[in-house]
Amino acid sequence: MSTFNLKKLFSYTTVLSTLLPGSAIANQPPRGAVYTMTNATNANKVLVYNRDAQGRLGAPQRYDTGGKGTGTSLGNQNALVLDQANRCLYAVNAGSNQISSFLVKADGLLLADKINSGGARPVSVTVNRNLLYVLNAGGTVGNSDNISGFIVDKNCKMLPLADSTRPLSAANTAPAQVQFTPDGQRLIVTEKSTNKISTYSVLPSGRVSGPRVFVSAGTTPFGFAFGKRDQLLVSEAAAGAANGGTVSSYLVKPNGDLQLITSSLATTETATCWVVVSNDGRFAYVTNTGSESISGLRVSFGGNLSLLTAGGRTGLTGSGTPIDLSLSNDGLNLYSLDNTRGTVAVFRVNLVTGQLVKLQTIAGLPAGANGIAAR
C-alpha cells in the first residue's frame with residue numbers, strides 16, 4: 001500500500017473513532033459533565049461527574065460551595081443551574097441563605113463567589129445573560145417568600161441589584177421554581193400551596209414588575225420548562241394523590257398573561273413534579289416521585305400535550321423517589337436524581353421517537369441531595 005493510502009486510511013480511522021460507539025470512544029476526553037449537590041447541613045458540596053460519549057458517568061469530584069444545605073428535600077426545581085454559555089454554575093445554599101457560583105473549567109470547578117440570597121431559604125435560581133434571580137422560600141421558615149435579583153459578570157461574580165426584591169402572591173406559598181422565559185423578558189414562579197403561578201415582566205434596569213397572579217389549571221403546580229413558541233409546561237403534583245399527577249401547557253403572552261392550552265393531562269402516576277423539554281420542543285419528560293417513573297409527553301406544534309407511552313411510564317428509575325431531571329446539551333441523555341436512595345439514573349434518549357433506554361445507575365449520594373444540571 002502506498003504512503004498516500006496509508007495516510008488516508010489513518011485519517012479515516014481517526015474520524016470514525018470519534019463517531020462510532022465502541023472502544024475507540026472510550027479513549028476520547030469527556031464529552032461533558034453532570035452536576036448535583038449534597039445539600040448537606042455541615043457543608044454543601046457540588047459533585048461533578050464527567051460523562052463519556054454514551055452519557056455514562058464516572059466517579060465524582062467534590063467542590064465546597066462555602067455554604068450549608070438543609071439535608072432534606074426542598075420541594076423545588078432549579079437549585080443548581082448552568083448559564084447559557086456553560087461558563088458559570090450557580091447553586092443555592094438553603095441552610096445558610098446564600099448562593100454560590102463556580103467557574104466551569106475543563107478539569108472541574110473553581111468557586112468564584114458566595115453571596116446572601118436576598119431572603120431566607122433559597123430554593124431555585126435562574127440566569128439570563130448578566131441577570132440572575134433567586135427564589136427564596138422564606139415563608140417555610142417564619143420569614144416571607146420573595147424573588148431577588150443580582151448582576152453577574154464574566155467571572156461569575158454576583159452583585160445584588162438594588163430594589164429588585166419582589167413578593168410572591170402571599171407570604172408563604174411553598175414556592176417551587178423561578179425561571180426566565182427563553183427571551184429573558186419575563187420571570188415565572190410556581191406556588192405549590194396556593195395553586196397559583198406568578199409572572200413578572202423584566203424591565204430594562206433588570207428589575208421586575210409584578211406579580212401577575214394566575215390560578216393553576218391543576219393542583220400543586222410544581223416544576224416547569226419552556227417549549228417552543230412561548231409555550232410553558234407545568235407539572236402538577238396533585239398534593240401527592242395516588243395516580244393523580246398531571247401536566248398542563250400554557251401560552252405565555254407578551255404582557256405575562258397565561259393562556260391555557262392543555263388542561264391537566266393525566267400521567268396516571270403519583271406526584272408528578274419535575275419537567276424538562278427536548279431541544280426541538282417535540283418531547284417533554286416529567287418525574288413521578290411517588291411512582292418511581294418518568295413520563296414522556298408529545299408536544300404538538302401548538303403546545304398540546306399527549307402521553308408518549310400508554311400508561312404513562314416511559315422510563316423506570318428504580319425503587320426510591322426520583323426528583324430532579326436534566327438533559328445533556330445534545331439532548332441524547334436524560335439524568336434523574338433520586339434523593340432517598342442517593343442515586344442518579346442515566347437514560348439514552350431516542351431523538352426520533354422520544355423513548356428512553358436506561359443505561360446506568362450511579363450510587364453514593366447522601367439522602368437529601370438536591371439539584372441536577374448537565375452539559
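Quick note: structure is the one above.
Note that the structure is a prediction, hence the values are computed from the model and not measured.

### As for the overall build of the chain
1) Next: When helices and strands are counted, the chain shows two helices and 30 strands.
2) Next: Here the chain has a C-alpha radius of gyration of 21 Å; the compact-globule value for 375 residues is 21 Å, and the two agree.
3) Next: Put simply, the chain has 375 residues, and 56% of those count as buried.
4) Next: Nonlocal contacts in the chain, meaning residues at least 24 apart in sequence, comprise 50% of its contacts between residues at least 6 apart.

### Concerning the sheet that holds strand S2 (residues 45-51)
1) Next: The antiparallel open sheet is built from four strands, whose spatial order is S3-S2-S1-S30. Every interior strand has two partners, whereas the edge strands, strand S3 (57-64) and strand S30 (370-374), have only one. Here the average twist between neighbouring strands, direction ignored, is 20°.
2) Next: The pairing of strand S1 (residues 32-37) with S30 spans four bridges and is antiparallel. Among the inter-strand pairings, Tyr-35 is bridged to a residue of S30, identified as Ala-373.

### Comments concerning the sheet that holds strand S27 (residues 333-338)
1) Next: With antiparallel pairing, four strands are arranged side by side in an open sheet as S26-S27-S28-S29. Only two strands of the sheet have a single partner each, and these edge strands are strand S26 (322-327) and strand S29 (356-362). When strand polarity is set aside, the average angle formed by the axes of neighbouring strands in this sheet is 25°.
2) Next: With four bridges connecting them, S26 and S27 associate as antiparallel partners. Within S27, the residue paired with Ser-326 across the bridge is Tyr-335.

The rules behind each value
- Within each chain, residue numbers correspond to sequence positions counted from 1 in written order.
- Given that this is a predicted model, residues contribute local features only at a pLDDT of at least 70 and side-chain atom pairs are listed and counted only at 80 or more, while totals for whole chains, interfaces and linings are drawn from all residues.
- Excluding hydrogens and water, the side-chain values take into account all heavy atoms of the structure.
- Strands here mean DSSP runs of E at least two residues long; helices mean DSSP runs of H or I at least four residues long; both are numbered from the N terminus.
- It is over C-alpha atoms that the radius of gyration is taken, and the globule rule equals 2.2 Å times the number of residues to the power 0.38.
- Partly exposed describes any residue whose relative accessible area lies between the buried limit of under 20% and the exposed limit of over 50%, with all areas from a 1.4 Å probe on protein chains only and scaled to the type maximum.
- The contact criterion used throughout is that any non-hydrogen atoms of two residues lie within 4.5 Å.
- A strand pair is defined by DSSP finding two or more bridges across the two strands.
- The axes are straight lines fitted to the C-alpha atoms, using for helices just the contacting stretch, and the angles between their N-to-C directions are given from 0 to 180°.

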